[in-house]
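# Geometric and topological summary
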Amino acid sequence: MGIDQASTRQVNFIGIGAMRCATTWISRCIEHHPALFIPAGVKEIHFFDKIRISPGNSERRRLNYEKGLSWYLSFFKDALPNQLMGEYTPNYFNDAETAGLIAKHFPQAKLILSLRNPIARIRSHHQYVCMNHENIPADLGQVIQDRNEEFLFLENGLYGKNLQEYLNYFPLEQILILFHNDIQSNPVQACQKLYSFLGVDDSYLPPTVLQKINTSRAVKSRVILRSMRFAKQSIKKLNWIRRAADFLGGVTLARWINRLNAGNNRITNSEISPEMLTYLNQYYREDIELLESLTGEDLTKWK
């Protein structure tokens, strides 16, 4: 793979996960801090992890990684000289090879990780996918039994296994671990912890610090939802269009449209039968214990 080594600019921080664990809230806190830069409207670049498997020979290609390091760094062209810059792609945490690729190119980057009770995470993940895809069963138990390979509902909650892979390349003190419950109960303290870890003024409070962002709500129109997502993906492919859209207020407008399109009520919690709950507790128990041993955190409440 031809990685362009011409550019020497460094990415200072990378959010690696986990999906449906308040990662959008964290990225908004980063976006608003004057000493930090994250690409506007493009929280997830998927540089390291976007994979296509070729039919027939099962060859795995990392499509964005093949575009080269200069393509990745072009997302940060608008960062001011005194700003620390980075991005947040939650799927990085679930890809076994991404840890090594980040370490290869940005060994000094600080990593941000947010975690949530894995059973609460899988329920939120299921609700979010149902909101965006009509062909996903509304029965969470059925989804778990089907072991959907596209969304990896179960596997995304194996935090211990995934963190162990990152610890092969990065020391624990280079990884900030925030917990979803702490963000909910004391968002100001969680935000200050984030800023302190990144080495910027932690007395600054962003306007979004007390907002609940990206919650699983029913939408009024799936057509509008799909159109907004298509526009976002199209803009992300060409940096000059993305930067122009940001300059003209496109990011703010898109968020305003999404808020208008959101329903008044949260999606009803996915039901879990007692038998399925027992299965999930058993499925995650060993991994939770591994996470405890890696981090020194007491996660009894998750068991």
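What counts as what
- Residues numbered from 1 in each chain as written.
- Predicted model: local features only at pLDDT ≥ 70, side-chain atom pairs only at ≥ 80, totals over all residues.
- Heavy atoms only, no water.
- pLDDT = per-residue confidence, 0-100.
- Contact = heavy atoms within 4.5 Å.
- Salt bridge = Lys/Arg side-chain N within 4 Å of Asp/Glu carboxyl O.
- Helix = DSSP H or I, 4+ residues; strand = E, 2+ residues; numbered from the N terminus.
- Buried < 20%, exposed > 50% of the residue type's maximum accessible area, 1.4 Å probe, protein only.
- Disulfide = S-S within 2.5 Å.
- Phe/Tyr/Trp six-rings, centres within 6.5 Å; stacked < 30°, edge-to-face > 60°.
- Lys NZ or Arg CZ within 6 Å of the ring centre and 35° of its normal.
- Pairing = 2+ DSSP bridges.
- Lys, Arg positive; Asp, Glu negative; His and termini not counted.
- Polar contact = N/O pair within 3.5 Å; in protein donor to acceptor, adjacent residues only side chain to side chain.
- Core = buried A, V, L, I, M, F, W, Y, C linked by side-chain atoms within 4.5 Å.

## A few points about the confidence of the model for the protein chain
When pLDDT is averaged across the protein chain, the result is 85; 78% of the residues are at 70 or more. In the model, residues 1-6 has pLDDT below 50 throughout and makes 12 contacts with residues more than four positions away in sequence or in other chains.

## Brief notes about the pattern of salt bridges
Scanning the entire structure with this criterion turns up seven salt bridges. Note that Glu292 and Lys303 form a salt bridge whose closest N and O atoms lie 2.9 Å from each other. Here Glu292 is found in helix α12 (residues 274-295), whereas its partner Lys303 is found in the segment after α12, with 11 residues between them in sequence. Of the residues examined, Lys303 reaches a relative accessible area of 33% and is grouped as partly exposed. Salt bridges sharing common partners tie together Arg60, Arg62, Asp95 and Glu97.

## What to know about the state of the cysteines
According to the stated counting rule, one finds zero disulfides in the structure shown. Lacking any disulfide linkage, Cys191 is separated from the closest cysteine sulfur, that of Cys29, by 3.8 Å. The exposure class assigned to Cys191 is buried, which follows from its relative accessible area of 0%.

## Description of the packing of aromatic side chains
Scanning the model with the defined rule gives 18 aromatic pairs in all. Plain terms: the ring middles of Phe47 and Tyr65 are 5.4 Å apart, the flat faces sit at 50 degrees to each other, and that makes the pair tilted. On the criterion of sequence distance, the pair formed by Phe47 in the loop between β2 (36-37) and β3 (51-53) and Tyr65 in the loop between β4 (60-62) and α2 (69-73) is long-range, its members being 18 residues apart. An identical accessibility class is assigned to Phe47 and Tyr65; each is buried. On the numbers, 4.9 Å between centres and 90 degrees between planes, the contact of Tyr283 with Tyr284 is edge-to-face. Put simply, the rings of Phe47, Phe48, Tyr65, Trp71, Tyr72, Phe75, Phe76, Tyr92 and Phe106 pair up and form one aromatic cluster. Positioned above the aromatic ring of Tyr88 is the side chain of Lys43, whose terminal nitrogen or guanidinium carbon lies 5.9 Å from the ring centre. Over the ring of Phe197 we find Lys110, and its NZ or CZ is 5.4 Å from the ring centre.

## A short note on the pairing of strand β6 (residues 110-115)
Where burial is concerned, most of β6 is hidden: five out of the six residues are buried. Looking at chain direction, strand β1 (residues 13-17) and β6 are connected through four bridges and run parallel. The residue of β6 that forms the bridge with Gly15 is Ile112. As paired strands, β6 and strand β7 (residues 175-179) are joined by five bridges and run parallel to one another. Residue pairing across strands places Leu115 opposite Phe179, the latter belonging to β7.

## Let's talk about the side chain of Asp49
With respect to the helices, strands and loops of the structure, Asp49 is situated in the loop between β2 and β3. Despite its burial, Asp49 pairs with no opposite charge, the nearest such side chain being Arg62 at 6.5 Å. Among the polar contacts made by the side chain of Asp49, one reaches the side chain of His46 at a distance of 3.1 Å. Setting aside residues up to four positions removed in sequence, Asp49 forms contacts with Arg62, Thr89, Asn91, Tyr92, Asp95 and Thr98.

## What about the nonpolar core?
Core analysis: the biggest nonpolar cluster contains 57 residues, and Ile14, Phe48, Tyr72, Leu115 and Tyr166 have the highest contact counts within it. With five residues, α12 is the single largest residue contributor to this core. If we skip the residues at most four places from it in the chain, Tyr166 touches Ile16, Tyr92, Phe93, Thr98, Ala99, Ile102, Leu111 and Ile175. Ranked by size, the runner-up nonpolar core spans 21 residues in total, among them Ile38, Cys191, Tyr195 and Phe197.

## Focus: the sheet that holds β7
Strand order in this open sheet of five strands is β2-β5-β1-β6-β7, and the pairing throughout is parallel. Each edge of the open sheet is held by one strand with a lone partner, namely β2 and β7. Inspection of the sheet shows β2 paired to strand β5 (residues 84-88) by two bridges, in the parallel sense. Residue pairing for β5: Leu36 is matched across the bridge by Leu84.

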